[in-house]
Amino acid sequence: MVFHLVPRCSARLFWASSGWRRTYIQGASVGLKYLGCPRDTYSPLACRGYSSVSGSPEVMLTPERYPVQRLPFSTVSEEDLAAFERIIPGRVITDPEQLEACNVDWLRSVRGCSKVLLRPQTTEEVSQILRHCHKRNLAVNPQGGNTGMVGGSVPVFDEIILSTALMNQVISFHDVSGILVCQAGCVLEELSQYLQERDFIMPLDLGAKGSCHIGGNVATNAGGLRFLRYGSLRGTVLGLEVVLADGTILNCLTSLRKDNTGYDLKQLFIGSEGTLGIITAVSILCPPRPKAVNVAFLGCPGFAEVLQTFSTCKGMLGEILSAFEFMDAECMQLVGQHLHLTNPVQESPFYVLVETSGSSAGHDTEKLTSVLEQVLNSGLVSDGTIATDQRKVQMLWALRERITEALSRDGYVFKYDISLPVERLYDLVIDLRTRVGPRAKHVVGYGHLGDGNLHLNVTAEAFSQELLSALEPYVYAWTAEQRGSVSAEHGLGFKKKNVLGYSKPPVAVKMMQQLKALLDPKGILNPYKTLPTQA
Amino acid sequence: MAELRALVAVKRVIDFAVKIRVKPDKSGVVTDGVKHSMNPFCEIAVEEAVRLKEKKLVKEVIAVSCGPAQCQETIRTALAMGADRGIHVEVPAAQAESLGPLQVARVLAKLAEKEKVDLLFLGKQAIDDDCNQTGQMTAGLLDWPQGTFASQVTLEGDKIKVEREIDGGLETIRLKLPSVVTADLRLNEPRYATLPNIMKAKKKKIEVMKPGDLGVDLTSKISVISVEEPPQRLAGVKVETTEDLVAKLKEVGRI
């Protein structure tokens, strides 16, 4: 169900379709100008039968790069394959070419060697699969859109990949309450389009929207660009249907705003990254579509001014502020260099994107123009622009949303996602630049300033242990010192499972391990991830 | 410093990214509460005129729009892009339904003469009606030469060289001023209106006048009978082999 904008003029009006977001998120090298076949060098959708492009550099197998030992799970046998074929006929994939893309993450930083990909369509099928795997002690890797940033979505060894790709049905939508119930494999952008036709929107939005699944979003408690306004999935998810490690179906799929009957079990699974159960259906509260959306893009002379602009916007825009993102000059340079996106304002050390959403166009534009007048006249902002039509809105957002893509094209990316007190948000970037010096190509900072969330990225020509040692544990220790979070929204996955100690005390970590042991005593759900290996 | 003056006509249309909905009574499309913005081709026309001004080839750029009160927003956008002043030919909402290319052409012709401009820029067509007539009709009424579907414009003294995008390729013509030019997609990429210019634009003058002031009659001899959605596209059928394809085509009577 893809929404294609009807071209109402010359077919040569190439800015058109929102489909460009889908194609770019598939990692294809398409700029805004080309709408066409994605060249899926990085495509997570390659699992669906697109063959991977030859000539792309091989990704090292995870166990060869990282110190990790395979746990004594069983290996998949012919009998197991026959059993799966009985449960989901025709949807058991063992073809190595199709498995290739599902074994590598979007960042091309980790690679497993799974030999089996399963694609169930119903909760019952997921339950039967897990019952069998539990009995046979087979490890399972749940996989959604495979867009995670911490290597949590692909196998480490030969875990069976259980994909939600075919569980993509909307179950129900109530257009008075705005409550959407759908299967876990629905793609976020498709849900957005479904809702848009009914004058609602999803409460979350992220750059990976063209590929990520809502089940994965919930399993990782994704944050995103609308977090500032609509809050966390912990508030907007009303119910979940989860299949536990032994195949038991836990149906907490209520659509009630208020239900204080007992412990709130769904909160355990939100953010559990597929290690406590597999989410198969989600009930989520969707806000009404704002009638008026305005986007302004501003250039600031320094980070202090960025912070003051934020305070001014919060104060003067009040309830209509829906996003406040920042990026530094290097990010702008990278999106210009790799994606040929033009800078709409004059070059500045920092850039800010402000979005307002409200029910009255006149009221919102007035508020926004008066804020902008204020920040311009007081020197907090040196230049800026307001989007005058939808196309400009999308182009301005692209400058922020496509930074991840531009970084991937710059080389190997060391990615950090940190929560810090907002005044110190950029200090880490400056510190790190001095520390790594010429060993890195670029050290950039950008992110959800409104949420105190910094995306710190370091690029290099290729992976280098030396650079990694300079970065870790320095970044984590620095964060811990500020009592920040070493993973604000990306989660722990495979790459950060050993560092949660920097942000959580030992008692907490122990309790998490106890909960894992309670819900998955055999440890077959997404092993080697999220929690540190117990001593 | 040139003494040339340019008039740019801009139209307020439903934003191209909006999904169009037809009114249940089939009399038109839903416009209430729907996002409107400047027609993309008009934006290109404004950009070209402003660039000529920046090159000091044109002295003044006037933006004009015909329609109800909200047109002033569109004129302000043109002013924020660099136009010097605006003219709003006010037409009440009820009458605006009958505003077609011929009526607008009459207005523009009278204005071009009144303001004594040397260049009249327009977008090649509007994305709501796709008429592609206003520029041509205005040139006819004024008896001015026209360069339509312009993908490149070069001023040469008292003449203008226009490279036109036509089906066969590119045609280059030279026109004597004053002339009408309509902008095509590849003429330029419109700039973002910067904040300082948006603030300045608030102070620029927009003159409001009625069609009657120009002596123009807006009666239309065209009436819209019905507006309908295009038929739903049926899903296609995938086949595995060429033999299957031939068989299927025979089945549906196509071959």
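Up top is the structure these notes are about.
The structure presented is a predicted model; accordingly, all values stated were derived computationally and were not measured. Within every chain, residues take consecutive numbers counted from 1 along the sequence as written. Chains and ligands are labelled by the order in which they are written, letters from A for the one and numbers from 1 for the other. Since the coordinates come from a predicted model, pLDDT governs what is reported: local features require at least 70, and pairs of side-chain atoms require 80 or more to be given and counted, while whole-chain, interface and lining totals use all residues. Side-chain measures were taken over the full set of non-hydrogen atoms in the model, leaving aside hydrogen atoms and water.

Chemist: With reference to specific residues and values, describe the interface of chain B and chain A.
Modeler: Taken together, the contact pairs 32 residues of chain B with 32 residues of chain A. Together chain B and chain A conceal approximately 3100 Å² of surface at their shared face, both sides included; 61% is due to carbon and sulfur atoms. When the buried surface of chain B facing chain A is broken down by residue, Phe-16, Tyr-192 and Leu-195 of chain B rank first, second and third, together holding 27% of it. For this analysis, a salt bridge means a side-chain nitrogen from Lys or Arg found within 4 Å of a carboxyl oxygen belonging to Asp or Glu. Counting the contacts that link chain B with chain A gives three salt bridges. With a closest N to O distance of 3.5 Å, Glu-43 of chain B and Arg-391 of chain A form a salt bridge. Think of a polar contact as two N or O atoms within 3.5 Å of one another; within protein, one of them needs to be a possible hydrogen donor and the other a possible acceptor, and neighboring residues in sequence only count if both atoms come from side chains. Applying the counting criterion to the chain B and chain A interface returns six residue pairs in polar contact (both at pLDDT 80 or more). Helical segments are the DSSP runs of H or I of at least four residues, strand segments are the runs of E of at least two, and each set is numbered from the N terminus. Looking at the side of chain B that touches chain A, the elements that each hand over two or more residues are helix H1 (40-54) and helix H6 (195-201) of chain B. Polarity classes work like this: nonpolar for Ala, Val, Leu, Ile, Met, Phe, Trp, Tyr, Cys and Pro, charged for Asp, Glu, Lys and Arg, and polar for all others, with Gly in that last group. Looking at side-chain class alone, the side of chain B that touches chain A contains 14 nonpolar, four polar and 14 charged residues. Residue contacts are counted whenever heavy atoms from the two residues lie within 4.5 Å of one another. When two components associate, each loses some accessible surface as probed by a 1.4 Å sphere; the sum of these losses over both components is called the buried area.

Chemist: Kindly report on the pairing of strand E10 (residues 292-300) of chain A, identifying the contributing residues and their values.
Modeler: Residues in a regular strand point their side chains to alternate faces of the sheet. Residues and elements named next belong to chain A. The buried fraction of E10 is high, at eight of nine residues. For two strands to be treated as a pair, DSSP must find at least two bridges joining them. The pairing of E10 with strand E12 (residues 350-358) spans nine bridges and is antiparallel. Paired with Val-295 across the strands is Glu-355, a residue of E12. Of the pairings in the sheet, the one linking E10 to strand E13 (residues 383-386) comprises four bridges and is antiparallel in character. Looking across to E13, one finds that Gly-299 is bridged to Asp-383. Burial classes: relative accessible area under 20% of the type maximum marks a residue as buried, over 50% as exposed, and values in between as partly exposed (1.4 Å probe, protein chains only).

Chemist: Describe the environment of Glu-423 of chain A, with residues and values.
Modeler: Residues and elements named next belong to chain A. Its place among the elements puts Glu-423 in the loop between strand E14 (412-419) and helix H16 (427-436). Expressed as a C-alpha distance, the spacing of Glu-423 and Leu-71, which sit 352 residues apart in the sequence, is 44 Å. Beyond its immediate chain neighbours, meaning those up to four positions away, Glu-423 contacts Phe-303 and Leu-307.

Chemist: Any details on the sheet that holds strand E16 (residues 453-460) of chain A? Residues and values, ideally.
Modeler: Residue and element names in this part refer to chain A. Reading across the sheet, the seven strands line up as E13-E10-E12-E11-E15-E16-E14 and stay open at both edges, with antiparallel pairing between neighbours. Bordering the open sheet on either side are E13 and E14, each of which pairs with just one other strand. Strand-to-strand, the axes of this sheet are offset by a mean angle of 15°, without reference to chain direction. Pairing between E14 and E16: eight bridges, direction antiparallel. Across the sheet, Phe-414 pairs through a bridge with Val-458, a residue of E16. Only C-alpha atoms enter the line fits that serve as axes; for helices the fit covers just the stretch in contact. Angles between N-to-C directions range over 0 to 180 degrees.

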